[in-house]
Amino acid sequence: MRSLLRRPHSVAGAVAVLAAIAVYALVVPMLTGTNPGLTDFAAAYQPPSGSHWFGTDLAGRDLLHRTAAGLRVSLVIAAVCAVASAVLGVAVGVAAGALGGWIDRSVMRLVDGINALPHLLLGIVVVALYPGNLVAIVASIALTHWTQVARIARAEVRAARSATYLEAARLSGATRTRIAITHLVPAAAGQGIVAVILLLPHAIWHESTLSFLGLGLPPDQASLGTLLQDARAAVLTGAWWTLLFPAAALIVTTLAVAVVGTALRNRITPPLPERAIR
């Protein structure tokens, strides 16, 4: 990954892939005007052809449009989860770093405790209480992915607390709240933006996994997870295309987001030189 990110054309290619994915997910269903949930049992399990580029599924639904609809739903859910996780993590990290003392220690012990538990297992527990509920899906992902953001935000705040401009603000009579809003939150905001992008692949995979396990969105709602769940039985009948195209959309999207997010993180916080790491 590190050698890949040293090549500017690799990052540019990832951005181009993301743009193509966005166009596919948003524009294709609108241009065709086809309902992705429209069934035609007479056309069930048709392989890829000129009339159905991605083939059809068990109910005869066109997988080109259904994969686009599922990708759009998964991206929207992942974006909401990533933003919620980043906002929560930055808020907790800024509070812990700014207040310090026993509050800082308590928050860090809470972060360690959450990190010690499997995130997917925690997500399954939350969603199992409210299966098929969109709010529960978002909460299960957001509440298990904020801890790393909180650690980074806390580190940024602790570094900013020793800055001369912050000491000047204190001497001028600024309150803790004003200092936090004016100086500490902006210091951690850049990491929050990076966190949103880096959390997107995790959120996409978690949503897909929950839906694949039958705990996420209902089966009639297209998402990458529900499409993969439908493909699980279809592949056994030889309908390989029902698995290939949704899985390819999931893998390509997460890899492209990961490359762009890592490049953005390295630009904001450049990694240490290899000699220094050694």
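Reading the values: rules and limits
Residues numbered from 1 in each chain as written. Predicted model: local features only at pLDDT ≥ 70, side-chain atom pairs only at ≥ 80, totals over all residues. Heavy atoms only, no water. Helix = DSSP H or I, 4+ residues; strand = E, 2+ residues; numbered from the N terminus. Buried < 20%, exposed > 50% of the residue type's maximum accessible area, 1.4 Å probe, protein only. Contact = heavy atoms within 4.5 Å. Areas by Shrake-Rupley, 256 points an atom, 1.4 Å probe, with all protein chains shown as cover. Phe/Tyr/Trp six-rings, centres within 6.5 Å; stacked < 30°, edge-to-face > 60°. Salt bridge = Lys/Arg side-chain N within 4 Å of Asp/Glu carboxyl O. 1 Å grid on protein atoms, 1.4 Å probe; cavity = no way out; pocket = protein on both sides within 12 Å on 5 of 7 lines; lining within 4 Å. Points joined across faces, edges and corners; volume = space filled by probe spheres on them. Nonpolar A, V, L, I, M, F, W, Y, C, P; charged D, E, K, R; others polar. pLDDT = per-residue confidence, 0-100.

### Things to note about the overall build of the chain
Link 1 in the chain: What the chain contains, in helices and strands, is 12 helices and 0 strands.
Link 2 in the chain: Listed by position from the N terminus, the elements making up the chain come as α-α-α-α-α-α-α-α-α-α-α-α.
Link 3 in the chain: Within the chain, the fraction of its 278 residues that count as buried is 41%.
Link 4 in the chain: Contacts in the chain between residues at least 24 apart in sequence constitute 71% of all its contacts with a sequence separation of at least 6.
Link 5 in the chain: When the accessible surface of the chain is totalled, it reaches about 14,400 Å², and 69% of it is carbon and sulfur.

### Overview of the side chain of Thr-253
Link 1 in the chain: With respect to the helices and strands, Thr-253 occurs in helix H11 (residues 241–268).
Link 2 in the chain: Judged by its relative accessible area of 1%, Thr-253 is buried.

### Details of the packing of aromatic side chains
Link 1 in the chain: Under the criterion given, the structure shown has 3 aromatic pairs.
Link 2 in the chain: On the numbers, 6.3 Å between centres and 50 degrees between planes, the contact of Tyr-24 with Phe-54 is tilted. On the criterion of sequence distance, the pair formed by Tyr-24 in helix H2 (residues 8–32) and Phe-54 in the loop between H2 and helix H3 (63–99) is long-range, its members being 30 residues apart. Like Tyr-24, the residue Phe-54 is buried in the burial classification.
Link 3 in the chain: Plain terms: the ring middles of Trp-240 and Trp-241 are 5.6 Å apart, the flat faces sit at 85 degrees to each other, and that makes the pair edge-to-face.

### Here's the deal with the pattern of salt bridges
Link 1 in the chain: For the structure on display, the rule yields 6 salt bridges.
Link 2 in the chain: When the shortest N-O distance is used, the salt bridge between Asp-104 and Arg-158 registers 3.2 Å. A residue pair is termed long-range when its members are at least 10 positions apart, and Asp-104 in helix H4 (residues 101–115) and Arg-158 in helix H7 (residues 147–161) qualify at 54 residues.
Link 3 in the chain: Three or more residues joined by partner-sharing salt bridges are found here, namely Asp-57, Arg-61 and Arg-66.

### A short note on empty space enclosed by the protein
Link 1 in the chain: Applying the stated rule across the entire model yields 1 cavity of 30 Å³ or more.
Link 2 in the chain: For the largest cavity, the full set of lining residues is Asp-57, Leu-63, Arg-66, Leu-227, Asp-230, Ala-231 and Thr-242.
Link 3 in the chain: Contributions of two or more residues to the lining of the largest cavity are made by H3 and helix H10 (224–234).
Link 4 in the chain: Among the elements that line the lining of the largest cavity, the one with the most residues is H10, at 3 residues.
Link 5 in the chain: Grouping the constituent residues of the lining of the largest cavity by class yields 3 nonpolar, 1 polar and 3 charged.

### Thoughts on the layout of surface pockets
Link 1 in the chain: In this structure, the largest pocket spans a volume of roughly 410 Å³.
Link 2 in the chain: If you go around the largest pocket, you meet 17 residues; those closest to its centre are Gln-148, Leu-198, Leu-199, His-202 and Arg-265.
Link 3 in the chain: Put simply, the parts of the chain that give the lining of the largest pocket at least two residues each are H7, helix H9 (176–212) and H11.
Link 4 in the chain: Among the elements that make up the lining of the largest pocket, the one with the highest residue count is H9 (6 residues).
Link 5 in the chain: Each residue belonging to the lining of the largest pocket can be placed in one class, and the counts come to 8 nonpolar, 8 polar and 1 charged.

### Details of the environment of Val-90
Link 1 in the chain: Position of Val-90 relative to the elements: it lies in helix H3.
Link 2 in the chain: Distance in space between the C-alpha atoms of Val-90 and Ala-195 is 9.5 Å, their sequence separation being 105 residues.
Link 3 in the chain: Discounting chain neighbours no more than four positions away, the residues touching Val-90 are Val-149, Ala-153, Ala-188 and Gly-192.

### A look at the confidence of the model for the chain
Interpreting fine coordinate detail is not advised for predicted regions of low pLDDT.
Link 1 in the chain: Taken as a whole, the chain shows an average pLDDT of 79; of its residues, 86% reach a score of 70 or greater.
Link 2 in the chain: Mean pLDDT in the chain bottoms out at helix H12 (residues 274–277), which sits at 36, and peaks at H3, which reaches 87.

### Some words on the environment of Val-107
Link 1 in the chain: For Val-107, the position within the fold is in helix H4.
Link 2 in the chain: We classify Val-107 as buried; its relative accessible area is 16%.
Link 3 in the chain: Between the C-alpha atom of Val-107 and that of Gly-97, which follows or precedes it by 10 residues, the distance is 9.7 Å.
Link 4 in the chain: Other than its neighbours up to four places away in sequence, Val-107 contacts Val-92 and Ala-96.

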